[in-house]
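The residues making up each chain are set out below.
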2 protein chains.
Amino acid sequence: MSKINVVGIGPGAYEQMTGRAIRALKESDEIIGYTVYVDLVKEYFPDKEFRTTPMKKEEDRCVLAFEEARKGKNVSMICSGDAGVYGMAGLMYQVGEKYPEVELTVIPGVTAATGGAAVLGAPLIHDFCLISLSDLLTPWEKIEARLLAAAQADFVICLYNPSSRKRSDYLQKACDLILTHRSPDTVCGTVARIAREGEEARVLTLGELRNAQVDMFTTVFIGNSQTREIGGKMVTPRGYESER
Amino acid sequence: MSKINVVGIGPGAYEQMTGRAIRALKESDEIIGYTVYVDLVKEYFPDKEFRTTPMKKEEDRCVLAFEEARKGKNVSMICSGDAGVYGMAGLMYQVGEKYPEVELTVIPGVTAATGGAAVLGAPLIHDFCLISLSDLLTPWEKIEARLLAAAQADFVICLYNPSSRKRSDYLQKACDLILTHRSPDTVCGTVARIAREGEEARVLTLGELRNAQVDMFTTVFIGNSQTREIGGKMVTPRGYESER
């Protein structure tokens, strides 16, 4: 049976990949991904064949992976972070309905939420939500409803895709919605280029975040009512529940 | 300056640790953790000194780490999954306020949400919430409010700590709340002992989940209105937004 691994390579640095992800790539004949991610790993796997497809050609990329696997090649599809969090794993299963002879395995990785949280301190410690501000495939009304629900129920909120050229005011809009339920003094954080060159973290208030400029390589964290700044770090305190 | 690494070791298998986590443990003089986690990694680091404290002694464990670091030892505090998701990172920063001379570094790992998601297929692909059902340190009313908000705003929901001996009916209570906003046919999944011996995954409906028995080593996934079963896997479909 042909096999494809859908591999989360983590936030960027080679060292942030898991041993399992590295083994999957080593055992591949061919590694497929978006150009930026392929460039991140290429040097570590010099003997592999790499194939890239440009942004917004995700479905073509999936079809390419299945067609290559059908030729008998051991294929890995790579994603930054975790392939199952705003990544390619879902689309691979959907496209895979036409290729029942190909077996998919998802190999998890460190997603930007936890990778960025580690840089900021411990913002996510308790219940949290991930929300993408991209409305390319989600109606903005649904995003708004989620922001409001998350703010009202006092979740820590982690925002993916907080900005792009076409959506330069979306973070401001999101902050305004959250401010209807949360104080402008709420402790927030941003991390740009997690685990890559130029990594940059900032702890700031929700009021300051509303007026901040962030780019598309930034992950945003909005604390809950308990989140504090401790020595420059963003920390969501709690007691500590019984471990499992 | 003394240093402590707070290290997420991932769901359990050595291969699911990141390279950075392995390096941190290799460079440690002493590795501290809850007994179960220490047992998971001990064999791979035979020359290290290991210290454990029992369940519910988390604060003592933090103090031990800081006291050892103050003696000049290179200390790692280990957590399963990611140290920043229901892990020790937050408490370490809180206890660390008394030890300003010790520098903390959090090293992220694969948390049960993404590790379990990879086993089930691609349930989390889009916006999702993590909610712990443990009410040891969170009032149950707050947990209820979060479950209702998450259900109403159509988040995928991932439940940590779904059960314990004292809380055997909490998952049922949670499902009943979610059922006020979501169909009993909603696709759900459970994964027990992720990446450990006896790993066990199941895809089922929300109606079935309500009546299922799960143990404390299980992570529960409740799909959103779009989540489907594809070839026995739990998949949250979406188109695919512009990659970052």
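Residues numbered from 1 in each chain as written. Chains lettered and ligands numbered in written order. Predicted model: local features only at pLDDT ≥ 70, side-chain atom pairs only at ≥ 80, totals over all residues. Heavy atoms only, no water.

A.B. asks: Please explain empty space enclosed by the protein as it appears in this structure.
C.D. replies: Any empty space left between the atoms is revealed when a probe the size of a water molecule rolls over them. Here the structure, examined in full by the defined rule, presents three cavities of 30 Å³ or more. Together, T111, A113, T114, F128 and L130 of chain A together with T111, A113, T114, F128 and L130 of chain B line the second largest cavity. Every element with two or more residues in the lining of the second largest cavity is listed here: α5 (112–120) and β7 (128–132) of chain A together with α5 (112–120) and β7 (128–132) of chain B. For the lining of the second largest cavity, the per-class residue count stands at six nonpolar, four polar and no charged. (1 Å grid on protein atoms, 1.4 Å probe; cavity = no way out; pocket = protein on both sides within 12 Å on 5 of 7 lines; lining within 4 Å. Points joined across faces, edges and corners; volume = space filled by probe spheres on them. Helix = DSSP H or I, 4+ residues; strand = E, 2+ residues; numbered from the N terminus. Nonpolar A, V, L, I, M, F, W, Y, C, P; charged D, E, K, R; others polar.)

A.B. asks: Hey, could you run me through the sheet that holds strand β12 (residues 228–230) of chain A in this one?
C.D. replies: The strands making up a sheet are joined through hydrogen bonds of the backbone, oriented either antiparallel or parallel. All names here are of chain A. Judged by pairing direction, the sheet is mixed, and its three strands sit side by side in the order β6-β13-β12 without closing on themselves. The open sheet has two free edges, formed respectively by β6 (121–122) and β12, since each of these has just one partner strand. Pairing of β12 with strand β13 (residues 233–235), which is carried by three bridges, proceeds in the antiparallel orientation. Of the residues in β13, the one forming a bridge with I230 is K233. (Pairing = 2+ DSSP bridges.)

A.B. asks: What am I meant to see in the environment of I4 of chain A here?
C.D. replies: Residue and element names in this part refer to chain A. With respect to the secondary-structure elements, I4 resides in strand β1 (residues 2–8). With 133 residues separating them along the chain, I4 and L137 place their C-alpha atoms 26 Å apart. Sequence-distant contacts of I4, that is, excluding residues within four places in its chain, are made with A65, F66, A69, V75, M77, M92, V102, E103, L104 and T105. (Contact = heavy atoms within 4.5 Å.)

A.B. asks: How should the packing of aromatic side chains be read in this particular structure?
C.D. replies: What characterises a pair of aromatic rings is the spacing of the ring centres plus the angle enclosed by the ring planes. Throughout the structure, instances matching the rule amount to 12 aromatic pairs over all chains. Summarising the aromatic geometry, the rings of Y14 of chain B and F45 of chain B are spaced 6.1 Å apart at their centres and angled 55 degrees between planes, so their arrangement reads as tilted. Of the two residues, Y14 of chain B is situated in the loop between β1 (2–8) and α1 (19–26) and F45 of chain B in the loop between α2 (35–41) and β3 (49–53); the sequence distance between them amounts to 31 residues. Ring centres of W140 of chain B and Y170 of chain B lie 4.7 Å apart, and the angle between their planes is 50 degrees; this geometry places the pair in the tilted category. You can see W140 of chain B sitting in helix α6 (residues 140–152) and its partner Y170 of chain B sitting in helix α7 (residues 170–179), a full 30 residues away along the chain. With relative accessibility at 11%, the residue Y170 of chain B sits in the buried group. Put simply, the rings of Y14, Y44 and F45 of chain A touch in pairs and so form one group of aromatic residues. (Phe/Tyr/Trp six-rings, centres within 6.5 Å; stacked < 30°, edge-to-face > 60°. Buried < 20%, exposed > 50% of the residue type's maximum accessible area, 1.4 Å probe, protein only.)

A.B. asks: How should I be thinking about the interface of chain B and chain A in this particular structure?
C.D. replies: Think of interface size as the accessible area that goes away when the parts come together; that is how it is often given. Between chain B and chain A, the residue contacts involve 77 residues of the former and 77 residues of the latter. A combined buried area of about 7,100 Å² lies between chain B and chain A, and 55% of that area is made up of carbon and sulfur atoms. Across the pair K142 of chain B and D154 of chain A runs a salt bridge, and its minimum N-O distance is 2.9 Å. Counting every contact that joins chain B to chain A gives 32 residue pairs in polar contact (both at pLDDT 80 or more). Counted by class, the side of chain B that touches chain A contains 36 nonpolar, 23 polar and 18 charged residues. Sheet analysis places β7 of chain A next to β7 of chain B, joined by three bridges and oriented antiparallel. In the sheet register, C129 of chain A faces β7 of chain B, and the bridge partner there is C129 of chain B. (Buried area = accessible area lost by both parts, 1.4 Å probe. Salt bridge = Lys/Arg side-chain N within 4 Å of Asp/Glu carboxyl O. Polar contact = N/O pair within 3.5 Å; in protein donor to acceptor, adjacent residues only side chain to side chain.)

A.B. asks: I would appreciate a short explanation of the sheet that holds β1 of chain B in the present structure.
C.D. replies: Residues and elements named next belong to chain B. Judged by pairing direction, the sheet is parallel, and its five strands sit side by side in the order β3-β2-β4-β1-β5 without closing on themselves. Looking at strand neighbours, the two that pair on one side only are β3 and β5 (102–107), the edges of this open sheet. On average, each strand axis in the sheet is inclined to that of its neighbour by 20 degrees, with strand direction left out of account. Bridging between strand β2 (residues 30–34) and strand β4 (residues 75–79) involves three bridges; their strand directions are parallel. Along β4, the bridge assignment pairs E30 with V75. (Axes fitted to C-alpha atoms, helices over the stretch in contact; angles between N-to-C directions.)

A.B. asks: Sorry, what's going on with the relation of the copies chain B and chain A here?
C.D. replies: Both copies of the chain are placed relative to one another by a rotation about an axis and a shift along it. Overlaying chain B with chain A gives an RMSD of 0.0 Å, the required rotation being 180 degrees about an axis along which the chain moves by 0.0 Å. The operation mapping one copy onto its partner corresponds to a two-fold rotation axis. Comparing interface residues between copies, 100% of those in chain B also lie at the interface in chain A; the contact surface is shared. (Least-squares fit on C-alpha atoms with pLDDT ≥ 70 in both.)

A.B. asks: What should I look at first to understand α6 of chain B in this one?
C.D. replies: Across its 13 residues, α6 of chain B extends 18 Å between first and last C-alpha, which sits within 8% of the 18 Å expected from 1.5 Å per residue. In the core, the buried residues of α6 of chain B are packed alongside α6 (140–152) of chain A together with β7, β8 (156–160) and α7 of chain B. The first or second residue beyond α6 of chain B is D154 of chain B, which carries a positive phi of 60 degrees. (Expected span 1.5 Å × (residues − 1).)

A.B. asks: Sorry if this is basic, but what is going on with the state of the cysteines here?
C.D. replies: By definition, a disulfide links the sulfur atoms of two cysteine residues through a covalent bond. All names here are of chain A. Per the stated rule, a full pass over the model turns up zero disulfides over all chains. Of all cysteine sulfurs, the one in C79 lies closest to C62, which takes part in no disulfide; the gap is 8.5 Å. By relative accessible area, which is 0% here, C62 ends up buried. Of all cysteine sulfurs in the structure, the one in C129 sits closest to C158, which takes part in no disulfide; the separation is 10 Å. The class for C158 is buried, based on a relative accessible area of 0%. (Disulfide = S-S within 2.5 Å.)

A.B. asks: How should I be thinking about α7 of chain B in this particular structure?
C.D. replies: Given 3.6 residues to a turn, an α-helix orients residues that are three or four positions apart in the same direction. Residues and elements named next belong to chain B. Taken together, the buried positions of α7 are occupied by Y170, L171, A174, C175, L177 and I178. Here the buried residues of α7 occupy an arc of 160 degrees about the axis, which is enough to place them on one side. Residues of α7 that are buried in the fold lie against α6, β8, α8 (206–210) and β11 (218–222). (Arc of directions from axis to C-beta.)

A.B. asks: In this structure, what is going on with the pairing of β3 of chain B? I would like to understand it.
C.D. replies: Working note: regular strand, side chains alternate between the two faces of the sheet. Residues and elements named next belong to chain B. As judged from the five bridges shared by β2 and β3, these two strands associate in the parallel manner. Considered in β3, the bridge of G33 is made with T52. Taken together, β2, α2 and β3 constitute a β-α-β crossover, and its handedness is right-handed. (Right-handed = clockwise from strand over helix to strand, strands pointing away.)

A.B. asks: Would you mind showing me how to read the side chain of T111 of chain B here?
C.D. replies: Positionally, T111 of chain B belongs in the loop between β5 and α5. When neighbours within four sequence positions are excluded, T111 of chain B is seen to be in contact with G81, D82, V85 and Y160 of chain B.

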